[in-house]
Amino acid sequence: MNEINWKNYSLETQAIRAGHKRTHEDEHSIPIFTTSSYVFKNAEEAALRFTGQKAGNIYSRFTNPTVSAFQERLALMEQGELCLAFASGMAAIMAVGMGLLKAGDHVICSRGVFGNTVLMFQNYFGKFGVTTDFVDLTDTAAWAAAIKPNTRFLFLETPSNPLTEIADISALAGIAHQHGCLLIVDNCFCTPALQKPLTLGADIVVHSATKYIDGQGRCVGGAVVANEDIIEKQIYPYLRTGGATMSPFNAWVFLSGLETLALRMKAHCDNAFELAQWLEQQPAIAKVHYPGLLSHTQHDLAKRQQSHFGGIVSFELTGGKEAAWQLIDATEMLSITANLGDVKTTITHPASTTHGRLTPEVRAAAGIKEGLVRVSVGLEHVDDIKRDLLRGL
Ligand SMILES: *Cc1c(COP(=O)(O)O)cnc(C)c1O
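Computed from a prediction, not measured in an experiment: that's the story for all the values here.

S.K.: Account for the site of the ligand, naming residues and giving values.
M.R.: Around the ligand, the neighbouring residues are Ser88, Gly89, Met90, Phe114, Glu157, Asp186, Cys188, Ser208, Thr210, Lys211, Val220 and Gly221. The side chain of Asp186 places a nitrogen or oxygen atom 2.6 Å from a nitrogen atom of the ligand. The contact in question runs from an oxygen atom of the ligand to an N or O atom on the side chain of Ser208, over 2.8 Å. Protein chains shield 91% of the accessible area of the ligand, which is 380 Å² for the free molecule. When the residues that make up the shell around the ligand are grouped by side-chain class, the tally is four nonpolar, five polar and three charged.

What follows is the structure, given as structure tokens:
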């Protein structure tokens, strides 16, 4: 039988079938390869594999069949050339920085990114002589104005966490490339089921697989997707040396997560849209942030760039922090946890948790108000989610 070219198939099919190299045992489901190393037929073969002249597994820090299956599947779904898996989303972001940056380089990052991403650029890459400027995600002119001769890449999340602001990926890719920079998109909130940044001009996609890719809150993992040149020359050597590897067990969980990703994302989006519309009618709520709402400033851009609006809704209570905490504590079913992208609806107060380690000034500039509550809308019945929120409204 010829090997199937999965590029000719749609995302839903790739998610279920691509990446599995069936072994001599003829298994139907992908096995978990729990082996730290691999044997060579003879000394010469060992030498050829180590120099990369012959393809094949060497050591599970950088090659493992279960992890490779996950990488191949996600690369296809993102319409990228290659993918590398990591121990966490932060490890993936760290790998991009370690692979691409050197002392004296400059990075531009959107202000609303995940709290640890801000700390990664500021505190850790900063420690080694990389400077980072933070700009408003939606202000395309500000991105262009921030570019310097030593700017290496632009880094963003869209939609942003927790305000669901949308960046114009094509426009920013154009600006980046005009100045010889790369555009990196954290595609955690949309996943390839809703948005494929590489097809819009981005150079690198990073993922926290912990979120929607797993989808059921079980494992921590991350990934980087890009072209062969970037992956093989800049990211892979760092993974091999740095060692923030995804475990085969976690890869196996993420592989099954990918199989239901498109279905789950559709259901998350349907629930989130209905909840957002309902929240907009509640008198205790000053503002609802959801790209599917007509009141969202970038509704049209979201519609153009994404196939659906996502599963994250945030809203501001008129009563500030006290009202936000009261609402969270009044829920009976919702999980009070900072994780997102789970089948279980989760609720969190960003100002005191995910964004709590930022200084008040940085937090205010990012628009994270004290009365803001973020809900990652799960797959329970939407009426039950509404009822649980109503207890504290
Ligand atoms: C969670 C998250 C990360 C970090 O991923 P981990 O798997 O928790 O390390 C990065 N970016 C975004 C947008 C996230 O939500």
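Here the narrative resumes.
S.K.: Summarise the sheet that holds strand β12 (residues 372-376); cite the residues concerned and give the values.
M.R.: The strand order β8-β9-β12-β11-β10 describes an open sheet built from five strands, whose pairing is mixed. Across the chains shown, the open sheet's two edge strands, defined by having one partner strand only, are β8 (285-289) and β10 (335-336). Examined bridge by bridge, β10 and strand β11 (residues 346-348) share two bridges and lie parallel to one another. Residue Ser335 lies in a different strand from β11, and its bridge partner there is Thr346. Across the sheet, helix α13 (residues 320-330) touches β9 (312-317), β10, β11 and β12, and the angle it forms with β9 is around 130°.

S.K.: Let's hear about the domain arrangement of the chain: which residues, and what values?
M.R.: What the domain assignment reports for the chain is domain 1 (6-259) and domain 2 (261-390). Here the C-alpha centre of domain 2 lies 26 Å away from the C-alpha centre of domain 1. Between domain 1 and domain 2, the contact holds 41 residues from the first and 39 residues from the second. Between domain 1 and domain 2, a total of about 3200 Å² is buried, with carbon and sulfur atoms accounting for 61% of that surface. Counting the surface domain 1 buries against domain 2, the share from its top three residues, Leu163, Leu194 and Tyr212, is 24%. Viewed at the interface, domain 2 and domain 1 are joined by one salt bridge. Residue Asp168 pairs with Arg304 through a salt bridge whose shortest N-O separation is 3.8 Å. Looking at the side of domain 1 that touches domain 2, the elements with two or more residues in it are α1 (11-17), α5 (115-125), α8 (191-194) and α10 (248-259). Its residues assigned to classes, the side of domain 1 that touches domain 2 comprises 20 nonpolar, 14 polar and seven charged.

The rules behind each value
Residues numbered from 1 in each chain as written. Predicted model: local features only at pLDDT ≥ 70, side-chain atom pairs only at ≥ 80, totals over all residues. Heavy atoms only, no water. Near = heavy atom within 4 Å. Polar contact = N/O pair within 3.5 Å; in protein donor to acceptor, adjacent residues only side chain to side chain. Areas by Shrake-Rupley, 256 points an atom, 1.4 Å probe, with all protein chains shown as cover. Nonpolar A, V, L, I, M, F, W, Y, C, P; charged D, E, K, R; others polar. Pairing = 2+ DSSP bridges. Helix = DSSP H or I, 4+ residues; strand = E, 2+ residues; numbered from the N terminus. Contact = heavy atoms within 4.5 Å. Axes fitted to C-alpha atoms, helices over the stretch in contact; angles between N-to-C directions. Domains from an automatic or database assignment. Buried area = accessible area lost by both parts, 1.4 Å probe. Salt bridge = Lys/Arg side-chain N within 4 Å of Asp/Glu carboxyl O.

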